[in-house]
Each structure stands twice: as structure tokens, then as C-alpha cells.
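Here is what each chain is made of, one letter per residue.
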Amino acid sequence: MNYFSFKLKKTFVFSAFLVFLLLILIEVAAILIDKVKRQDDVSQISPIIKKQSYGDEYGKDVKNYNWKKEYEKFVAFKEIGHISKTININKNGIRKTSGNCEKQNAKLVFVFGGSTTLGVAVPDSMTYPSYLAKKLNTNGKCYKVVNYGTGWWMSSQSNNKFSELLRHGKVPDIAIFYEGINDLDVVSYGGVPGGIAPYAERILSKSFDTADLWNKTSLEKIKKSIKTFLHITASYRLAVAYHHGRKYSKSKKNINKIDDEYLNKSANAVSNIFVENMQQNHDIGNRHGVKVLTALQPFPLISNKKLTIDEKITIQYRIDIRPWEAKFIKITYNKILEKSDQFGSRCFYDMSEILDDNETELFAEAEHLLPTGNEIIAESFYQKILACDK
């Protein structure tokens, strides 16, 4: 080996070492930044929640748990099990419901929905399923409410979960679907109608990418392996988050691009998916002898309720980020209600305005409810269960 070749080889090895060292330093920095960002995320609990009697303890529990998800087939993801003073979720992703009758012959009530059903913003005993259980179990009656609510689930995932439970012989007497917000949030947060929220998609990308790897060609395996490796690096996660962040902020910088045509097209797609999923829930339930109730849930962001000062502040924060979102929600909700005649005699209820006449503080932020709000929802479902004969 001549001197020139040796020097070239030495330079190449040294350069490769420097590049490798630089990548390690970038990854270490990304890990630290990611850790700080996650701490900021969980610490940003609404001031309204903080001032509740349970606020301090709940805040600590959320910081430790952060509503973590894990992959689950057919529904994409579910809540990870957790035990604490205010948040208790079992290994199947089901949150604890207070007030249940635990007798073997108890009538089963399955409730489905997103984080509002799960009970984000309140302790276990103050979710609407817990309040509903307490109301149902009066006068010697015996009901067991099972909370299948999962943060970021949209109506398609609730539909899939219901079908899967029935397929495995888990048949309730009553099934409740409290839906609406997440179907719209998928679009508002940069996704597509009927898809998974970008936030959840990033969390689950590793699970999706490693699936069915052995049926790929050698080249596809290499591509998948590289992609999977990237997904587990903090650098990649931050890069993707930055990309989605730019998309997320475009609504403010390029408001002229979010025109009526875009809003109507998206609203039509979302409403079609929502109505189809709800119809399927009723029809599948009927075939199994299940009483199915569906409700279009209230969305604090467009509520006509007289807001308290704190409610105005927390809702205005979201409006400032996406000024077009409230209009999109109203268009979509109107389209869903226009198509609600397709439900026929099925038990479908418009609960979108159920909180409008109440002047007490009900909203934890732009989506979730405080205990009093959940009590109102529970009371409404209780009355509707009695009225629904389908």
C-alpha cells in the first residue's frame, strides 16, 4: 500500500468516525429536547383543572402516565395499563368505572368514544360512565358499565372494537357511542378524513412498520429495517414533529388556503364516515340483541353556552391556532344532522347543544368536560336508555 492510498484510507476512516460521532451527539441532543418537550406536554394541564379539588393529585398522575398508548390489532392502539390515585386503567385499556354492580347477573353496558368517554380531565369516579353507573344502579337495579373510551379514537375504531367484542362472544345488553370530536380532530390536526390522527400515527409507526416483515423481499426488508431504526431515534421523531408542526401552523399563516371548498369537502367526507359507522353499530347490535344508543357529542369549541372567564381563555387559545376550525366543526355537525334521517328509527341523539343553557363552569378546555358536565351527559344517557326501545 503506497503512502497516498494509506493517507486516503486514514482520512476516510477519520471522516466516518467524525460523522458517526456527530450523529451520536445529534441523537443525544434530540433525546434531551424530546424529554423536555414531553415534560412540557404533560405539565400543560388546563388552569381550570388545576383549580379543581382533585387538580393537584390528578396533575401528578397525568404527569406520570401521560395517557400512553400501545398497539392493538383491529383498532390500531389502546391505553396502556396504569395504577394511581385518580387514573386506573387495566391491562386491556379499560378505565375503572365507579358505582358498578359487580354481581354475575349484572346487565352489561359498553360505552365507546374518545378521550371524553375515557375521562380525560377528571378522576375515575367523575367520568360520565361512572356517573351513569351510579344512576343505573338505583332502586335495587344491577348494571355494570365498561368504559372502552380511548384517547384519539374516532368512530371507526369504536365500530371496530364493538364488532370485535361481539365476534368473541362479549355481548352487552346496551352499547353507547358518544362520538364526534375525534372524527373532526383528525382533519384539524393535519390528517385525512377516516384516517388516524397524526399524533397517534407517529406513536404507532414502529408497530406498523415491523408488521409482516418476513413476507417482504430482501430489498423491502432492508428498507423496512432502516425505516424502523429511524422511527426509534429521537432525531427522527423531532424531525417528523417539526414537519407536522409546520403543517399544523399553515392554517394561521396561509388562512386563504383553507377556503369554503376545502372545509365543505372535508366536512362531507367526515360526516359520511361518521353516519356510516353509527349505522353499522346499530345494525350489528340489533343482530345480537343489543340496545344501541348513538350521540353526537357537544364540542366546547363551538358551544353557545355563556362561558366563564377561564373557559373563554382556554377556548380562545385553540381558536388563535386554527381560526377556521370552529367553522369546520359547525359545517360538519350540520351535515351529520342533515343526514341523521338515515338512522330511521334507530336511537340517535343530537347532544351537541345539551350544555348550552348551563352557566356554571363545565369545560376543562376546548374538548373535555369537568365533573358537572359529565354528570349532565350521564343523566341524559340515563333518560335515553329508558326511552330507547330499539
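The rules behind each value
- Residues numbered from 1 in each chain as written.
- Predicted model: local features only at pLDDT ≥ 70, side-chain atom pairs only at ≥ 80, totals over all residues.
- Heavy atoms only, no water.
- Helix = DSSP H or I, 4+ residues; strand = E, 2+ residues; numbered from the N terminus.
- Buried < 20%, exposed > 50% of the residue type's maximum accessible area, 1.4 Å probe, protein only.
- Contact = heavy atoms within 4.5 Å.
- Patch = residues over 30% accessible without salt bridge, like charges linked within 9 Å, V, L, I, M, F, W, Y side chains within 5 Å.
- Areas by Shrake-Rupley, 256 points an atom, 1.4 Å probe, with all protein chains shown as cover.
- Salt bridge = Lys/Arg side-chain N within 4 Å of Asp/Glu carboxyl O.
- Core = buried A, V, L, I, M, F, W, Y, C linked by side-chain atoms within 4.5 Å.
- pLDDT = per-residue confidence, 0-100.
- Phe/Tyr/Trp six-rings, centres within 6.5 Å; stacked < 30°, edge-to-face > 60°.
- Lys NZ or Arg CZ within 6 Å of the ring centre and 35° of its normal.
- Pairing = 2+ DSSP bridges.
- Axes fitted to C-alpha atoms, helices over the stretch in contact; angles between N-to-C directions.
- 1 Å grid on protein atoms, 1.4 Å probe; cavity = no way out; pocket = protein on both sides within 12 Å on 5 of 7 lines; lining within 4 Å.
- Points joined across faces, edges and corners; volume = space filled by probe spheres on them.

A few points about the overall build of the protein
On a plain count of helices and strands, the protein comes out with 14 helices and seven strands. The buried share of the protein, reckoned over its 390 residues, is 49%. Sequence separation of at least 24 residues holds for 77% of the intrachain contacts in the protein that already meet a minimum separation of 6.

Concerning a nonpolar patch on the surface
A contiguous nonpolar patch, built from Phe14, Phe17, Leu18, Leu21 and Leu25 and spanning about 490 Å² of accessible area, is present on the exposed surface. Tracing the sequence through the fold places Phe14 in helix H1 (residues 3–43).

Regarding the environment of Arg322
Of note, Arg322 is situated in the loop between helix H12 (309–321) and helix H13 (325–338). By relative accessible area, Arg322 is classed as buried at 1%. With 133 residues separating them in the primary sequence, Arg322 and Tyr189 have C-alpha atoms 9.5 Å apart.

What about the nonpolar core?
Residues Ile176 and Phe381 are the most contacted members of the largest nonpolar core, which totals 65 residues. Ranked by residue count, the leading element in this core is helix H11 (residues 260–287), at seven residues. Discounting chain neighbours no more than four positions away, the residues touching Ile176 are Val109, Phe110, Val111, Phe112, Tyr128, Leu132, Leu293, Phe381 and Ile385.

Quick word on the confidence of the model for the protein
Averaged over all residues, the pLDDT of the protein equals 84, while 78% of them reach at least 70. Every residue in residues 206–214 is under pLDDT 50, and counting partners more than four places away or in other chains gives 14 contacts. Confidence drops under a pLDDT of 50 for residues 244–254, and excluding neighbours within four residues, the segment shows 14 contacts in the predicted structure.

Some points on unusual backbone geometry
The phi dihedral of Ala121 is positive, around 100°, even though this residue is not glycine. Note on placement: Ala121 falls in the loop between helix H4 (115–118) and helix H5 (128–136). Although it is not a glycine, Trp152 sits at a positive phi angle of roughly 80°. Structurally, the position occupied by Trp152 is in the loop between strand E4 (143–147) and helix H6 (155–167).

Some remarks on the packing of aromatic side chains
Each aromatic ring pair is characterised by the separation of its centres together with the angle its planes make. What the rule picks out here adds up to 14 aromatic pairs. Considering the side-chain rings of Phe110 and Tyr148, the 5.2 Å spacing of their centres and the 75° angle between planes classify their relative orientation as edge-to-face. Within this pair, whereas Phe110 is found in strand E3 (residues 107–113), its partner Tyr148 is found in the loop between E4 and H6, the two being separated by 38 residues in sequence. One exposure class covers both Phe110 and Tyr148, and it is buried. Both rings, one in Tyr128 and one in Tyr178, keep their centres 5.1 Å apart while their planes meet at 65°; by these two values the pair is edge-to-face. One end of the pair, Tyr128, is in helix H5; the other, Tyr178, is in strand E5 (residues 174–179), with 50 residues separating them in the sequence. For the pair shown, Tyr128 and Tyr178 are each scored as buried. Ring pairing ties together the aromatic residues Phe110, Phe112, Tyr148, Phe162 and Phe177, which thus form one cluster. Here Lys305 stacks its cationic end above the ring of Phe363, 5.6 Å away from the centre of that ring. Its end group placed over the ring of Tyr349, Lys384 keeps NZ or CZ at 5.0 Å from the ring centre.

Comments concerning the pattern of salt bridges
In total, this model carries 16 salt bridges according to the counting rule given. Here Lys305 and Glu311 are joined by a salt bridge, their closest N and O atoms 2.7 Å apart. Pair check on accessibility: Lys305 and Glu311 agree, each one buried. Via salt bridges that share partners, Asp185, Arg318, Arg322, Glu325 and Glu367 belong to a single interconnected network.

Here's the deal with the sheet that holds E4
Across the sheet, five strands lie side by side as E4-E3-E5-E6-E7; this open sheet has parallel pairing. Looking at which strands have only one partner, the edges of the open sheet turn out to be E4 and strand E7 (347–350). Averaged over all pairs of adjacent strands, the angle between strand axes in this sheet comes to 20°, irrespective of strand direction. Sheet contacts for H6: E3, E5 and strand E6 (291–296); angle to E3, the most-contacted strand, approximately 150°. In the packing of helix H14 (residues 371–387) onto the sheet, contacts are made with E5, E6 and E7, and the angle to E5 comes to roughly 135°.

Some remarks on empty space enclosed by the protein
Under the defined criterion, the tally for this structure stands at two cavities of 30 Å³ or more. Its volume calculated, the largest cavity comes out at about 60 Å³. Taken together, the elements giving at least two residues each to the lining of the largest cavity come down to H4, E5 and helix H7 (181–188). Here the lining of the largest cavity takes three residues from H7, the largest share from any one element.

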